[in-house]
Number of protein chains: 4
Amino acid sequence: MKAQRVDMFVCPSATPSDVSGLQKLADEGKIKPETLVALVGKTEGTGAHDDWGRIWADAALREWTARFLGVPKDEVAKHVIFVLSGGCPGVITPHIAAVTREFVDVPDGGDREKRLVVGRAGSEAIGPEEVGRMGMIRKVAAATHEAMKDAGLTDPKDVHLVMVKVPGLTVASIRDAESRGETVVSHDLTFGPEGAGVYANDAAALGVAMALGEVPESKLSDDVVRRDWDLFSEVAMTSSGGEKRHGEVVVFGNSTASASALRIGHSVTHDFIDAEGVRAALRSAGLQFDGDGLPDQDDLRRLVHVFAKSVIPGNDHVRGNRITLLDDVHAYEIGKALGGMLVASVTGRTTNYVSGGERNSHQGPPDGNIVAAVVRAD
Amino acid sequence: MKAQRVDMFVCPSATPSDVSGLQKLADEGKIKPETLVALVGKTEGTGAHDDWGRIWADAALREWTARFLGVPKDEVAKHVIFVLSGGCPGVITPHIAAVTREFVDVPDGGDREKRLVVGRAGSEAIGPEEVGRMGMIRKVAAATHEAMKDAGLTDPKDVHLVMVKVPGLTVASIRDAESRGETVVSHDLTFGPEGAGVYANDAAALGVAMALGEVPESKLSDDVVRRDWDLFSEVAMTSSGGEKRHGEVVVFGNSTASASALRIGHSVTHDFIDAEGVRAALRSAGLQFDGDGLPDQDDLRRLVHVFAKSVIPGNDHVRGNRITLLDDVHAYEIGKALGGMLVASVTGRTTNYVSGGERNSHQGPPDGNIVAAVVRAD
Amino acid sequence: MKAQRVDMFVCPSATPSDVSGLQKLADEGKIKPETLVALVGKTEGTGAHDDWGRIWADAALREWTARFLGVPKDEVAKHVIFVLSGGCPGVITPHIAAVTREFVDVPDGGDREKRLVVGRAGSEAIGPEEVGRMGMIRKVAAATHEAMKDAGLTDPKDVHLVMVKVPGLTVASIRDAESRGETVVSHDLTFGPEGAGVYANDAAALGVAMALGEVPESKLSDDVVRRDWDLFSEVAMTSSGGEKRHGEVVVFGNSTASASALRIGHSVTHDFIDAEGVRAALRSAGLQFDGDGLPDQDDLRRLVHVFAKSVIPGNDHVRGNRITLLDDVHAYEIGKALGGMLVASVTGRTTNYVSGGERNSHQGPPDGNIVAAVVRAD
Amino acid sequence: MKAQRVDMFVCPSATPSDVSGLQKLADEGKIKPETLVALVGKTEGTGAHDDWGRIWADAALREWTARFLGVPKDEVAKHVIFVLSGGCPGVITPHIAAVTREFVDVPDGGDREKRLVVGRAGSEAIGPEEVGRMGMIRKVAAATHEAMKDAGLTDPKDVHLVMVKVPGLTVASIRDAESRGETVVSHDLTFGPEGAGVYANDAAALGVAMALGEVPESKLSDDVVRRDWDLFSEVAMTSSGGEKRHGEVVVFGNSTASASALRIGHSVTHDFIDAEGVRAALRSAGLQFDGDGLPDQDDLRRLVHVFAKSVIPGNDHVRGNRITLLDDVHAYEIGKALGGMLVASVTGRTTNYVSGGERNSHQGPPDGNIVAAVVRAD
């Protein structure tokens, strides 16, 4: 039978336009034009609107990938999904993780361990009037199902990470919607608490939650988005932006139809200082350290990568004591940095994918955050 | 024989001028005019030069203490030492720790466990030409010896935390020095890497190191301050500023001549993500959790307080990977926030005293930081 | 007949709690308990949520005023209106302007020049469901009419500055409204573009515009607030906040029933770099410099004070060229600083009252801002 | 006889990598490979160390220029001087000014008006031990003389703008110097008040001042750099950085041996709010508006470009009143933004070259700044 063999390579970046790590992987034959399916990374810079580091990185990576694949630059997106998250405050090392997938023959039957698989899908076009609302939720849910199918996954319990990119709103798309007599979820184009960007991110997260049965469709409506925080996904990491018209979904999970050396797992933190939640993600991926204990250096050598969110809690108390983060003008940057520290203090390394900084989300439980880990099984 | 009984009470602050926690302690008889020896706290705000939170807190606390002691406001400093560190970014709860000391009779001899003692001393006047140089180092060393004596400590190994405040430079004091034909260590009045403030802090730290034998006097000279980072103290937390002319030293240690219920210990982190260094400090203070393991909730209930520095490392690599913190315009605030997270992720609480944000220091080893912990022994 | 005699004294502040300038005015008899009607000032600090400078200033000024008036602190607000605007970035000197009013006998009739008068009024209680909506607009309009009456003004053309403070929304007041089945204008408690604070400020501005006939009531509805920027006041400077339940309105204008030595005028800038708009305000107040020219030092000596807004334009072009301010994470602080520079470059001094930094407003025309000036007539 | 014909074209940039304006100039034949001598611009971004906008702009412009000239990328610097200043806070439009020069035949003799000329020169290699000291001062002075010669200028009074780029210090170059037993001016690699970068900038400015006779060589020594602020140039705009080993100098002035349609002039502001200083620069370049008056739209149409510094004053008073800029953590960005506003409020446009933000400089008088203007004469 055919099985996926998925691999993941983490390359630190010396500058936003540094493609030397990818080139080395290509030179060594570790990534090939036909196997490269995704580039997921953190780019250096402030992570703010005027952070050109991310945009430069995107341009440079897209140019390199076009050359590598032998396709025009504007066709790269058809072959390789880019998830670049800007801002590396604190102890987050700028890096790119290359994800490869190939299909190999494996003997039928037997008692195969579940291993890493990956699947991708695009959604139907999402109109501006659907952004942050049920329209987006349903289309992301449908695309999540398709991406699961592409990954060969049927049981939602086997899904450990769903990365989603969806369209946000722009001045132009709002004008378009309103000229057709439609309304939009927000006129606020910032990532503030009522901003269109966070509505889009959160509808996308609820779409994943619906697809995976984490939230029953009956509980979902336009009104719950960014209102009912008890509805959330434990595996959705979402972003929105630009002039995109379609959503893109990448699903990571474990399957017996996999010949990968890697395994993925996930957990959540229950509040902003919950290092145990990070350790639980590592254990979920199969790092075998004692239940109450700590991973040792040998364990951590098997850890390939961690993906974590660092959404700022919506309330200003942590375990009963007040913090001042919500009033901090630099909360966005500091919130992200804190997540980076929480993860790094457990993994013993700084090349972790940590995105976030926004306030409140349906990505992960109230006050907590999602952590997924990929581990070398063998 | 007479023994010290030292206690420590941590009061979260609702605003910079909140004295209700102290008032409650006073009402309950836990702190008395004759027992209060120090107020050590974190005040909310940016921690930057234009952070009025710390200055308002100082004014409000000084006013309250004057009333409490029944002395004029400008005499408060003779009775109670104030150490207020501005800036609570991230997961640092604004709080004030009140330290009390009284002398009680205990039976002579016997095999008493070492317990918490505290001692204080002022230094000789420190001239502007001595700031950041051997003059300051020697005077702080002398004052440290006196404070040890006041604490009843003779063995430097029993000293676990030395908080020092020294004069910095000002436009006026530089003019004074230069009018007398003297030079000063820096004309930079910022806390930048060549700023007078960090020179003062670091000379004070080396003074403690000299007093405790951590650095032999023979290795010390004007030229090593902020140059030879291999010289450092593991227990000195220092600050400088304003128009002070004398240094102030508070020593915390353990002694058999103590009837305290508390014990202090310390350790250092070896780099910016070293949670194990924080755990080592807790163990040093007597929290008994398994060598490789984690403190459980019962253990942590015995933890009274943690004092930690979060100095930014001088190089831009952590365990072999590059971080971008040194180029971050908000490095000062983020660096402090990261230390707060590192400590809180271990202690499971946010009311930790964490100061820092400056780059490089003789407070703690290169790339690492000092952590001291106070634990209820009984 | 009775006429108002209004005076205005600008005191630079050395620190947020500095009341020495006011004390000196009191000692010299320039302000008296029975004549002091308002304290309007800029307080130093970041102007952000965690700026304790403004809060400390408010506490210190309220304490001083209570002593000065001989009333309890919580009754100060009945006698003296406080308008403290936080944040003095760039070339804005922290200062307090004391406004006094007394009634004096003047000969009836004659051909009196119009001179400065001031009037105050409180609004009816404004419920949380009214914030940012027609309820608030109507109540502020009514209070503006009352304040005009208190000032002895009947013709809206004689009104040159209306300072308004209104309730904003809080977590508690939103809960209150929703528990009664009402909705609120926004759940965003920030000052972002869809924040409750800016909705409150802007409804208050439209209330003034309605009272003065700048906008006909027929054009006003809930839907135009922060949507139809062609509706605006040229004289309203508004703020919102805290747990207030009533609006407060202070009207400044010129009247023949005035024995003041001062006169007020106003104008607007047409874009962010329009120094001519500032000069027009000075001319409006009666500074006589040549139509196309510049005020000279003698002219400027007669200038008592300038009040200006510095709202950030909603579009990213100034006279055809793109600026990047809207994407700047420090836009709030920089926007305010730029207004301070524009005014100071014309007035030749830095003690100008300049508030703003928020994006878009019904205070002043699209892309432009309000400037009012008070000039010594004699 | 041969005369220079110099032209200058200002292209707003839509993004850091936008070269469309230059391409259009090339397509129209306004710039040619053999006439392009300098690209001087402002790039969008924070202007801070982690601002990738400037670096991306440099990469994109260098790539375009290499293609345009038909030379390898690393030879571009031999043909075209790049002066890119990062950070466009407030009302500074990101833009690139292209400077062209060609030599044309003009009739000998006659009474030619002085018009714009430009000259360039590289300095001798400047060692790290010379940075910020007399070695650098002398080498920049020599290169300034050479650049004047290249421009055909002999009288310093005809020089109105000297742009200089010099080597700064790096970790590597400091190590190099110290390994040879030499000392360096500072170990502080920031742009703080004792930073190597500002020492380099200021020595370069004094080098220009020495070459032009603004400061006699007898007054210059290592000790006056960043100490004696009474020594300064009124025309030097300098920057430093990277791994450069040589200085680069571009001189702009007016000469009768010029067939240019443009003329340059300069002046200085006397403090941070001195709009009159900006107007004086415009008049110096030949914009004819009334001595006390304002340029009108027709005048301003003849204005081609303004180059201005916005160095933050070293003292915290402006015309007798305190400002808080020096304590502002965002002083660098705000200081630059304020200069942008001061210039734009006079020129009525936002495409001005304004660099600065650092504190104190030998570029311009104490508290004031340099402003140069280029005007179309015909």
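Chemist: Just give me the short version of the overall build of chain A, but keep the residues and values in it.
Modeler: Along the backbone of chain A there are 9 helices and 14 strands. Seen along its three principal axes, the alpha-carbon backbone of chain A occupies a region of about 55 × 50 × 45 Å. Sorting the 378 residues of chain A into buried and exposed places 65% on the buried side. Contacts spanning at least 24 positions in sequence make up 79% of the contacts within chain A whose residues lie at least 6 apart. When the accessible area of chain A is evaluated, it comes to approximately 13,200 Å², of which 48% is carbon and sulfur surface. Side chains of chain A carry 41 positive and 54 negative charges; the gap between the two charge centres is 3 Å.

Chemist: Please give an account of the sheet that holds strand β6 (residues 159-167) of chain C that cites residues and values.
Modeler: Note on sheets: strands pair through backbone hydrogen bonds, and any given pair is parallel or antiparallel. Residues and elements named next belong to chain C. Strand order across the open sheet formed by 4 strands is β5-β8-β6-β7, with mixed pairing between neighbours. Looking at the sheet topology across the chains shown, the edges are occupied by β5 (115-125) and β7 (236-241). Across the sheet, the mean angle from the axis of one strand to that of its neighbour is 10°, orientation sign disregarded. Judged from the 9 bridges that link them, β5 and strand β8 (residues 246-255) form a sheet pairing that is antiparallel. Among the inter-strand pairings, G119 is bridged to a residue of β8, identified as V251. Sitting on the sheet, helix α6 (residues 196-211) touches β6 and β7, and the angle it makes with β7 is about 145°.

Chemist: Could you give me a rundown of the relation of the copies chain A and chain C, with the residues and numbers involved?
Modeler: Note on the copies: chain A fits chain C at an RMSD of 0.0 Å, the axial shift is 0.0 Å, and the rotation between them is 180°. What the superposition gives is, in effect, a two-fold axis relating one chain to the other. Taken as a fraction of all interface residues of chain A, those also at the interface in chain C reach 100%, which identifies the copy contact as same-surface.

Chemist: With reference to specific residues and values, describe the pattern of salt bridges.
Modeler: Residue and element names in this part refer to chain A. One pass over the structure, following the stated rule, counts 96 salt bridges over all chains. Residues E130 and K139 are paired through a salt bridge, measuring 2.8 Å at the closest nitrogen-oxygen approach. Each of K24, E28 and K30 takes part in salt bridges that share partners, so that together they form one network.

Chemist: If you had to explain the relation of the copies chain B and chain A to someone new, which residues and values would you point to?
Modeler: Each copy of the sequence occupies a distinct position, and chain B is placed on chain A by a rotation of 180° and an axial shift of 0.0 Å, giving an RMSD of 0.0 Å. Both copies share a contact surface, since 100% of the interface residues of chain B are interface residues in chain A too.

About the cut-offs
For every chain, the first residue of the written sequence is number 1, and numbering continues from 1 along that sequence. The naming scheme follows written order: chains are lettered A onward, ligands numbered 1 onward. Local features in this predicted model are restricted to residues of pLDDT 70 or higher, and side-chain atom pairs are both shown and tallied only at a pLDDT of 80 or more, whereas totals for entire chains, interfaces and linings draw on every residue. Computation of side-chain values covers all heavy atoms of the structure but excludes hydrogens and water. The secondary structure listing takes helices from DSSP runs of H or I that are at least 4 residues long and strands from runs of E that are at least 2 residues long, numbered from the N terminus. Buried, partly exposed and exposed residues are distinguished by accessible area as a fraction of the type maximum, computed with a 1.4 Å probe on protein chains only: under 20%, between the cut-offs, and over 50%, respectively. Note on definitions: a residue-residue contact is assigned when non-hydrogen atoms from the two residues lie within 4.5 Å. Accessible areas in this description were obtained via Shrake-Rupley with a 1.4 Å probe; residue shielding takes into account the shown protein chains only. When charges are counted, Lys and Arg are positive and Asp and Glu negative, with His and the chain ends excluded. Here the site of a charge means atom NZ of a Lys, CZ of an Arg, CG of an Asp or CD of a Glu. Two strands qualify as a pair provided DSSP detects at least 2 bridges between them. The axes used here are C-alpha line fits, helices contributing only the stretch in contact, and every angle between their N-to-C directions lies in the interval 0 to 180 degrees. Copies are brought into register by a least-squares superposition over C-alpha atoms of residues with pLDDT of at least 70 in both. For this analysis, a salt bridge means a side-chain nitrogen from Lys or Arg found within 4 Å of a carboxyl oxygen belonging to Asp or Glu.

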